[in-house]
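A look at the structure
Single-letter residue listing:
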Amino acid sequence: MTTTHPPGLEFSGLTKSFTAPGAQPVRAVRGIDLRIGTGEVVALLGPNGAGKTTALDMALGLTKPTGGTVAVFGDRPRKAIADGRISAVLQSGGLLSDLTVDETVRAVAALYKDTLSVGEVLDRAGLAGLARRKVGRCSGGEQQRLRFALALLPDPDLLILDEPTAAMDIASRREFWATMHDEASSGSTIIFATHHMEEAEGFADRIVLMARGEIVADGSVDRIRAMTSGSRTTAVWSPSPGEPAPEDLPGVTDVERTAARVLLTSTDSDATARALFTRTAARDVTITARSLDDAFLTLTADPTSAAPTTLEATR
Ligand SMILES: Nc1ncnc2c1ncn2[C@@H]1O[C@H](COP(=O)(O)OP(=O)(O)OP(=O)(O)O)[C@@H](O)[C@H]1O
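Treat the numbers as computed from the prediction; the structure is a model and nothing was measured.

With that settled, consider the sheet that holds strand β1 (residues 9–18). With antiparallel pairing, three strands are arranged side by side in an open sheet as β2-β1-β4. Two strands in the sheet have a free side with no partner beyond their single neighbour: β2 (26–36) and β4 (67–72). On average, each strand axis in the sheet is tilted by 20° relative to the strand beside it, whichever way the strands run. The strands that helix α1 (residues 52–59) touches are β1, β2 and β4; relative to β1, the one it contacts most, it runs at about 120°.

Pasting the structure below:
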(Lines give C-alpha, C1' and ligand atoms only; values in the text may rest on other atoms or scores of the structure.)
Protein backbone atom coordinates (compact mmCIF):
# COMPACT_ATOMS: atom_id res chain seq x y z
CA MET A 1 0.00 0.00 0.00
CA THR A 2 1.32 3.46 -0.82
CA THR A 3 0.49 6.51 1.25
CA THR A 4 0.70 9.98 -0.21
CA HIS A 5 1.94 12.73 2.04
CA PRO A 6 0.41 16.19 1.75
CA PRO A 7 2.86 18.82 0.47
CA GLY A 8 4.85 20.87 2.98
CA LEU A 9 3.02 23.99 1.83
CA GLU A 10 0.10 24.47 -0.51
CA PHE A 11 -1.50 27.74 -1.62
CA SER A 12 -4.70 27.43 -3.67
CA GLY A 13 -6.13 30.54 -5.31
CA LEU A 14 -4.61 32.57 -2.47
CA THR A 15 -5.43 36.28 -2.40
CA LYS A 16 -4.89 39.11 0.06
CA SER A 17 -6.14 42.66 -0.26
CA PHE A 18 -5.53 45.38 2.29
CA THR A 19 -8.22 48.01 2.59
CA ALA A 20 -8.03 51.31 4.41
CA PRO A 21 -10.89 53.81 4.68
CA GLY A 22 -10.83 56.28 1.79
CA ALA A 23 -7.96 54.51 -0.02
CA GLN A 24 -7.88 52.13 -2.97
CA PRO A 25 -7.48 48.52 -1.80
CA VAL A 26 -3.96 47.13 -2.19
CA ARG A 27 -4.08 43.73 -3.88
CA ALA A 28 -0.90 42.37 -2.31
CA VAL A 29 -1.40 38.73 -3.38
CA ARG A 30 -3.55 38.00 -6.44
CA GLY A 31 -4.68 34.41 -6.65
CA ILE A 32 -1.52 32.31 -6.39
CA ASP A 33 -1.32 28.52 -6.60
CA LEU A 34 1.81 26.94 -5.21
CA ARG A 35 2.76 23.46 -4.02
CA ILE A 36 6.04 22.87 -2.21
CA GLY A 37 7.01 19.28 -1.56
CA THR A 38 8.72 17.89 1.52
CA GLY A 39 12.49 18.43 1.46
CA GLU A 40 12.44 21.17 -1.19
CA VAL A 41 14.53 24.32 -0.73
CA VAL A 42 12.66 27.14 -2.43
CA ALA A 43 13.59 30.79 -2.93
CA LEU A 44 10.73 33.25 -3.13
CA LEU A 45 12.30 35.96 -5.20
CA GLY A 46 10.88 39.31 -6.24
CA PRO A 47 11.24 43.07 -6.08
CA ASN A 48 9.95 45.30 -3.26
CA GLY A 49 6.20 45.05 -2.84
CA ALA A 50 5.91 41.81 -4.85
CA GLY A 51 3.83 40.17 -2.10
CA LYS A 52 6.47 37.80 -0.70
CA THR A 53 6.09 38.76 2.97
CA THR A 54 2.29 38.81 2.71
CA ALA A 55 2.29 35.30 1.21
CA LEU A 56 4.68 33.99 3.89
CA ASP A 57 2.66 35.68 6.65
CA MET A 58 -0.39 33.76 5.41
CA ALA A 59 1.63 30.51 5.45
CA LEU A 60 2.42 31.25 9.10
CA GLY A 61 -1.17 32.13 9.99
CA LEU A 62 -0.13 35.70 10.86
CA THR A 63 -2.43 37.19 8.22
CA LYS A 64 -5.82 35.86 7.15
CA PRO A 65 -6.30 35.35 3.40
CA THR A 66 -8.97 37.41 1.65
CA GLY A 67 -9.61 34.38 -0.56
CA GLY A 68 -8.25 30.91 -1.27
CA THR A 69 -6.60 28.49 1.13
CA VAL A 70 -3.28 27.69 2.79
CA ALA A 71 -2.33 24.22 3.99
CA VAL A 72 0.85 23.28 5.85
CA PHE A 73 1.40 19.51 5.72
CA GLY A 74 -2.35 19.33 5.02
CA ASP A 75 -3.33 21.33 8.12
CA ARG A 76 -4.24 24.91 8.91
CA PRO A 77 -1.13 27.03 9.65
CA ARG A 78 -2.09 27.55 13.30
CA LYS A 79 -2.36 23.81 13.86
CA ALA A 80 1.00 23.22 12.13
CA ILE A 81 2.61 25.83 14.40
CA ALA A 82 1.03 24.34 17.53
CA ASP A 83 2.39 20.93 16.46
CA GLY A 84 5.88 22.41 15.98
CA ARG A 85 5.89 21.48 12.28
CA ILE A 86 6.54 24.99 10.93
CA SER A 87 8.54 27.89 12.29
CA ALA A 88 10.02 31.09 10.99
CA VAL A 89 12.99 33.42 11.02
CA LEU A 90 11.54 36.86 10.42
CA GLN A 91 13.40 39.99 9.41
CA SER A 92 13.34 41.71 12.76
CA GLY A 93 11.77 41.87 16.15
CA GLY A 94 11.46 40.16 19.43
CA LEU A 95 14.90 39.96 21.10
CA LEU A 96 15.67 41.33 24.57
CA SER A 97 19.06 42.99 24.63
CA ASP A 98 19.78 42.39 28.36
CA LEU A 99 19.48 38.60 28.16
CA THR A 100 22.38 36.44 27.05
CA VAL A 101 22.09 34.23 23.96
CA ASP A 102 21.74 31.15 26.16
CA GLU A 103 19.10 32.78 28.41
CA THR A 104 17.09 33.85 25.36
CA VAL A 105 16.98 30.31 23.96
CA ARG A 106 16.06 28.88 27.39
CA ALA A 107 13.26 31.44 27.87
CA VAL A 108 11.70 30.64 24.49
CA ALA A 109 12.18 26.87 24.98
CA ALA A 110 10.11 27.13 28.17
CA LEU A 111 7.12 28.23 26.05
CA TYR A 112 7.05 24.94 24.16
CA LYS A 113 5.91 21.54 25.36
CA ASP A 114 8.69 19.71 23.63
CA THR A 115 11.94 21.08 22.16
CA LEU A 116 15.41 20.11 21.06
CA SER A 117 18.02 20.74 23.73
CA VAL A 118 19.34 24.29 24.10
CA GLY A 119 22.87 23.01 23.46
CA GLU A 120 21.83 21.39 20.19
CA VAL A 121 20.10 24.45 18.72
CA LEU A 122 22.99 26.72 19.72
CA ASP A 123 25.31 24.27 18.03
CA ARG A 124 23.21 24.00 14.87
CA ALA A 125 22.91 27.77 14.60
CA GLY A 126 26.68 28.20 15.06
CA LEU A 127 26.24 30.04 18.38
CA ALA A 128 27.88 27.64 20.82
CA GLY A 129 30.81 30.03 21.33
CA LEU A 130 28.51 33.01 22.00
CA ALA A 131 26.16 31.42 24.54
CA ARG A 132 27.06 33.83 27.35
CA ARG A 133 27.15 37.01 25.29
CA LYS A 134 24.45 39.62 25.92
CA VAL A 135 22.09 39.89 22.94
CA GLY A 136 22.63 43.66 22.83
CA ARG A 137 26.34 43.02 22.24
CA CYS A 138 25.76 40.62 19.34
CA SER A 139 26.17 41.85 15.77
CA GLY A 140 23.19 42.01 13.40
CA GLY A 141 24.28 38.74 11.82
CA GLU A 142 24.66 37.03 15.21
CA GLN A 143 21.22 38.24 16.28
CA GLN A 144 19.81 36.76 13.09
CA ARG A 145 21.51 33.44 13.95
CA LEU A 146 19.83 33.66 17.32
CA ARG A 147 16.43 34.05 15.63
CA PHE A 148 17.36 31.02 13.58
CA ALA A 149 18.24 29.07 16.76
CA LEU A 150 14.83 29.98 18.22
CA ALA A 151 13.13 28.78 15.04
CA LEU A 152 14.95 25.44 15.35
CA LEU A 153 13.73 24.79 18.92
CA PRO A 154 10.54 22.85 17.97
CA ASP A 155 12.59 20.85 15.41
CA PRO A 156 10.28 22.00 12.57
CA ASP A 157 9.79 20.15 9.28
CA LEU A 158 9.22 23.45 7.43
CA LEU A 159 11.33 26.55 8.01
CA ILE A 160 10.27 29.90 6.63
CA LEU A 161 12.86 32.65 6.37
CA ASP A 162 11.90 36.18 5.36
CA GLU A 163 15.02 37.89 4.00
CA PRO A 164 17.15 36.22 6.66
CA THR A 165 20.42 37.83 5.59
CA ALA A 166 19.13 41.38 5.09
CA ALA A 167 21.28 42.79 7.93
CA MET A 168 24.39 40.73 7.24
CA ASP A 169 27.69 41.52 5.57
CA ILE A 170 29.05 39.19 2.91
CA ALA A 171 31.07 36.99 5.30
CA SER A 172 28.10 36.55 7.66
CA ARG A 173 25.84 35.75 4.71
CA ARG A 174 28.17 33.00 3.58
CA GLU A 175 28.36 31.51 7.05
CA PHE A 176 24.59 31.69 7.43
CA TRP A 177 23.96 29.87 4.16
CA ALA A 178 26.55 27.22 5.06
CA THR A 179 24.54 26.55 8.23
CA MET A 180 21.31 26.41 6.24
CA HIS A 181 22.92 23.90 3.86
CA ASP A 182 23.39 21.55 6.80
CA GLU A 183 19.75 22.06 7.77
CA ALA A 184 18.56 21.35 4.23
CA SER A 185 20.67 18.23 3.90
CA SER A 186 19.03 16.85 7.00
CA GLY A 187 15.73 16.86 5.05
CA SER A 188 14.04 20.08 6.21
CA THR A 189 11.76 21.92 3.81
CA ILE A 190 12.99 25.50 3.55
CA ILE A 191 11.31 28.51 1.97
CA PHE A 192 13.13 31.82 2.00
CA ALA A 193 12.30 35.25 0.61
CA THR A 194 15.07 37.29 -0.94
CA HIS A 195 15.77 40.13 -3.36
CA HIS A 196 19.07 38.61 -4.36
CA MET A 197 19.23 36.45 -7.46
CA GLU A 198 22.68 35.13 -6.40
CA GLU A 199 21.33 34.01 -3.05
CA ALA A 200 18.47 32.18 -4.73
CA GLU A 201 20.84 30.60 -7.24
CA GLY A 202 23.42 29.65 -4.65
CA PHE A 203 21.13 27.94 -2.23
CA ALA A 204 17.70 27.01 -3.63
CA ASP A 205 16.66 24.00 -5.72
CA ARG A 206 13.73 25.93 -7.03
CA ILE A 207 12.92 29.60 -7.59
CA VAL A 208 9.43 31.05 -7.39
CA LEU A 209 9.53 34.54 -8.83
CA MET A 210 6.81 36.96 -7.71
CA ALA A 211 5.89 40.39 -9.03
CA ARG A 212 2.80 42.52 -8.36
CA GLY A 213 1.21 39.81 -6.20
CA GLU A 214 1.49 37.09 -8.86
CA ILE A 215 3.87 34.24 -9.60
CA VAL A 216 5.60 35.20 -12.84
CA ALA A 217 8.01 32.25 -13.06
CA ASP A 218 8.46 28.99 -11.17
CA GLY A 219 11.04 26.32 -11.83
CA SER A 220 14.37 24.77 -11.04
CA VAL A 221 17.31 27.13 -10.81
CA ASP A 222 18.51 25.81 -14.18
CA ARG A 223 15.15 26.42 -15.79
CA ILE A 224 14.90 29.98 -14.48
CA ARG A 225 18.47 30.57 -15.54
CA ALA A 226 17.59 29.35 -19.04
CA MET A 227 14.52 31.62 -19.09
CA THR A 228 16.58 34.60 -18.00
CA SER A 229 19.81 33.96 -19.82
CA GLY A 230 18.71 35.56 -23.08
CA SER A 231 20.85 37.99 -24.96
CA ARG A 232 20.18 41.34 -26.47
CA THR A 233 20.67 41.87 -30.19
CA THR A 234 20.65 45.33 -31.72
CA ALA A 235 20.69 46.29 -35.38
CA VAL A 236 20.32 49.33 -37.59
CA TRP A 237 17.18 48.39 -39.44
CA SER A 238 13.82 49.79 -40.50
CA PRO A 239 11.81 46.81 -41.65
CA SER A 240 10.49 47.34 -45.18
CA PRO A 241 7.55 45.59 -46.85
CA GLY A 242 8.40 41.99 -47.60
CA GLU A 243 10.75 41.68 -44.61
CA PRO A 244 9.61 39.83 -41.48
CA ALA A 245 8.46 41.95 -38.52
CA PRO A 246 11.06 42.07 -35.69
CA GLU A 247 8.59 40.29 -33.38
CA ASP A 248 8.43 37.35 -35.83
CA LEU A 249 12.17 36.64 -35.93
CA PRO A 250 13.20 33.36 -34.27
CA GLY A 251 13.95 33.53 -30.54
CA VAL A 252 12.71 37.11 -30.13
CA THR A 253 10.79 37.75 -26.91
CA ASP A 254 10.81 41.54 -26.80
CA VAL A 255 11.30 44.42 -29.24
CA GLU A 256 12.15 48.06 -28.60
CA ARG A 257 12.72 50.70 -31.22
CA THR A 258 14.89 53.81 -31.06
CA ALA A 259 15.25 56.36 -33.86
CA ALA A 260 17.94 54.40 -35.68
CA ARG A 261 18.07 50.97 -34.14
CA VAL A 262 15.90 48.01 -33.32
CA LEU A 263 16.67 46.30 -29.99
CA LEU A 264 15.70 42.66 -29.76
CA THR A 265 15.71 40.52 -26.64
CA SER A 266 16.21 36.94 -27.70
CA THR A 267 16.49 33.50 -26.15
CA ASP A 268 18.44 32.27 -29.21
CA SER A 269 20.81 34.98 -30.38
CA ASP A 270 22.36 32.72 -33.08
CA ALA A 271 18.99 32.12 -34.75
CA THR A 272 17.99 35.78 -34.40
CA ALA A 273 21.25 37.04 -35.91
CA ARG A 274 21.10 34.44 -38.74
CA ALA A 275 17.59 35.59 -39.64
CA LEU A 276 18.63 39.26 -39.49
CA PHE A 277 21.54 38.62 -41.87
CA THR A 278 19.70 36.34 -44.31
CA ARG A 279 16.14 37.66 -44.34
CA THR A 280 16.50 41.39 -43.75
CA ALA A 281 18.62 44.37 -44.74
CA ALA A 282 19.68 44.93 -41.11
CA ARG A 283 23.28 46.03 -40.61
CA ASP A 284 25.66 46.81 -37.75
CA VAL A 285 24.30 43.86 -35.72
CA THR A 286 25.59 43.54 -32.13
CA ILE A 287 24.89 40.78 -29.60
CA THR A 288 25.34 41.34 -25.86
CA ALA A 289 24.77 38.85 -23.05
CA ARG A 290 22.30 40.13 -20.50
CA SER A 291 23.29 40.17 -16.87
CA LEU A 292 21.21 38.13 -14.42
CA ASP A 293 20.04 41.35 -12.79
CA ASP A 294 18.92 42.66 -16.16
CA ALA A 295 17.03 39.42 -16.78
CA PHE A 296 15.43 39.58 -13.33
CA LEU A 297 14.22 43.10 -14.12
CA THR A 298 12.79 41.91 -17.43
CA LEU A 299 10.89 39.02 -15.86
CA THR A 300 9.44 41.18 -13.11
CA ALA A 301 8.85 44.36 -15.15
CA ASP A 302 5.37 45.83 -15.14
CA PRO A 303 4.00 45.24 -18.65
CA THR A 304 1.63 48.20 -18.29
CA SER A 305 4.39 50.64 -17.31
CA ALA A 306 5.72 53.00 -19.95
CA ALA A 307 8.97 53.54 -18.05
CA PRO A 308 11.92 53.91 -20.44
CA THR A 309 14.14 50.86 -20.73
CA THR A 310 17.80 51.32 -19.86
CA LEU A 311 20.22 50.65 -22.68
CA GLU A 312 23.14 49.91 -20.33
CA ALA A 313 23.48 46.36 -21.57
CA THR A 314 24.12 47.43 -25.13
CA ARG A 315 26.78 50.02 -24.40
N1 LIG B 1 -0.75 45.87 6.38
C2 LIG B 1 -0.74 46.39 5.16
N3 LIG B 1 -1.60 47.37 4.83
C4 LIG B 1 -1.62 47.90 3.58
N5 LIG B 1 -0.80 47.50 2.58
C6 LIG B 1 0.08 46.53 2.86
C7 LIG B 1 0.17 45.91 4.17
N8 LIG B 1 1.14 44.97 4.14
C9 LIG B 1 1.64 44.99 2.89
N10 LIG B 1 1.01 45.91 2.12
C11 LIG B 1 1.26 46.20 0.69
O12 LIG B 1 1.17 44.99 -0.01
C13 LIG B 1 2.14 44.95 -1.06
C14 LIG B 1 3.01 43.70 -0.90
O15 LIG B 1 3.82 43.88 0.25
P16 LIG B 1 4.83 42.75 0.78
O17 LIG B 1 5.43 43.28 2.05
O18 LIG B 1 4.13 41.46 0.85
O19 LIG B 1 5.91 42.70 -0.40
P20 LIG B 1 7.36 42.04 -0.40
O21 LIG B 1 7.48 41.32 -1.69
O22 LIG B 1 7.57 41.25 0.84
O23 LIG B 1 8.27 43.34 -0.41
P24 LIG B 1 9.73 43.60 0.27
O25 LIG B 1 10.68 42.82 -0.55
O26 LIG B 1 9.88 45.07 0.10
O27 LIG B 1 9.68 43.15 1.70
C28 LIG B 1 2.90 46.25 -0.98
O29 LIG B 1 2.32 47.15 -1.91
C30 LIG B 1 2.66 46.72 0.45
O31 LIG B 1 2.70 48.12 0.54
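Back to the text.
Let's shift gears to the sheet that holds strand β7 (residues 189–194). With mixed pairing, six strands are arranged side by side in an open sheet as β5-β6-β7-β3-β8-β9. The sheet terminates laterally at β5 (86–89) and β9 (214–220), the two strands that pair on one side only. Direction aside, neighbouring strands of the sheet carry axes that sit 15° apart on average. Here strand β8 (residues 206–211) runs beside β9; their pairing, made up of six bridges, is antiparallel. Its bridge partner lying in β9, Met210 is registered against Ile215. Most of the contacts of helix α5 (residues 140–152) go to β5, to which it runs at about 175°, and overall it touches β5 and β6 (158–162).

What follows covers the packing of α5 against helix α6 (residues 170–185). Contact geometry of α5 with α6 gives a least axis separation of 12 Å together with a crossing angle of 15°. With respect to their mutual orientation, α5 and α6 come out roughly parallel. The two elements α5 and α6 meet at a crossing, and its hand is right-handed. In contact with Arg145, Phe148 and Leu152 of α5, α6 contributes Glu175, Phe176, Thr179, Met180 and Glu183. Classifying every residue of the contact of α5 with α6 gives four nonpolar, one polar and three charged.

About the thresholds
- Residues numbered from 1 in each chain as written.
- Predicted model: local features only at pLDDT ≥ 70, side-chain atom pairs only at ≥ 80, totals over all residues.
- Heavy atoms only, no water.
- Pairing = 2+ DSSP bridges.
- Helix = DSSP H or I, 4+ residues; strand = E, 2+ residues; numbered from the N terminus.
- Axes fitted to C-alpha atoms, helices over the stretch in contact; angles between N-to-C directions.
- Contact = heavy atoms within 4.5 Å.
- Parallel < 35°, antiparallel > 145°, perpendicular 65-115°, else oblique.
- Left-handed = near helix turned anticlockwise from the far one by under 90°.
- Nonpolar A, V, L, I, M, F, W, Y, C, P; charged D, E, K, R; others polar.

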